[in-house]
Amino acid sequence: MVRRKWLIFLGLLMLVLSTVACEFSASTANIGDAWLSDSEDGGTRVTTFAQDAVFYAFVDLKNAPEDTTLKAVWIAVDAEGVDPNFVINETEFTSGSNVVTFNLSNNNLWPVGKYRVEIYLNGKLDKTLDFKVR
């Protein structure tokens, strides 16, 4: 009798575990590298930009299925004439393993100060890149 109850318990446990395993989705997606550049090709890594520059953020996405989402949130942390931690722009992109490029431009000059871009992988903050405008 005890053995039969034990077998029923194990059978139910296996059923629950297999159901949970089928609903669980683990992604191996990760950011291999992330950097800023003042050029569209990303060849030169920078942390200081001119006031008339276009900001480029490059994200090397690794082991990512095609439905992986990346989001870049551009923030003026402490810039002249701008409220502290002002969110300038957010851009989301869906991709598989690839180098993804985000960019931010301005029709006017960028205010001098400190900035950052936050990179989110599948909704979770993964990288923060700080930079300055002089």
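None of the values given here were measured: they were computed from a predicted structure. (Residues numbered from 1 in each chain as written. Predicted model: local features only at pLDDT ≥ 70, side-chain atom pairs only at ≥ 80, totals over all residues. Heavy atoms only, no water.)

### What to know about the packing of aromatic side chains
As a reminder of what qualifies: Pairing of aromatic rings covers Phe, Tyr and the six-membered ring of Trp, with a centre-to-centre limit of 6.5 Å; geometry is then stacked below 30 degrees between planes, edge-to-face above 60, and tilted otherwise. Comment: elements are numbered from the N terminus, with helices defined as DSSP H or I runs of at least four residues and strands as E runs of at least two. Only protein chains enter the accessibility calculation, which uses a 1.4 Å probe; a residue is then buried when its area is under 20% of its type maximum, exposed when over 50%, and partly exposed in between.
Following the criterion strictly, the structure yields 11 aromatic pairs and no others. Here the aromatic rings of Phe 55 and Trp 110 are separated by 4.5 Å at their centres, their planes lie at 20 degrees, and the arrangement is stacked. Note that Phe 55 is positioned in strand β3 (residues 55–62) and Trp 110 in the loop between β6 (98–104) and β7 (113–121), a separation of 55 residues in sequence. Taken individually, Phe 55 and Trp 110 each receive the classification buried, so the pair is uniform in this respect. Seen in terms of ring centroids, Tyr 115 and Phe 131 are 5.5 Å apart; in terms of plane orientation they differ by 15 degrees. Their pairing is stacked. One end of the pair, Tyr 115, is in strand β7; the other, Phe 131, is in strand β8 (residues 124–133), with 16 residues separating them in the sequence. For the pair Tyr 115 and Phe 131, a shared accessibility class is recorded, and that class is buried.

### Some words on the pattern of salt bridges
Our working rule: The salt bridge criterion pairs a side-chain nitrogen of Lys or Arg with a carboxyl oxygen of Asp or Glu, the two atoms within 4 Å.
The full count for this structure, using the stated rule, is four salt bridges. Note that Asp 60 is salt-bridged to Lys 62, the shortest N-O span being 3.3 Å. You can call Asp 60 buried: its relative accessible area is 17%. When its relative accessible area of 37% is taken as the criterion, Lys 62 is described as partly exposed. With a shortest N-O distance of 2.9 Å, Glu 118 and Arg 116 are connected by a salt bridge.

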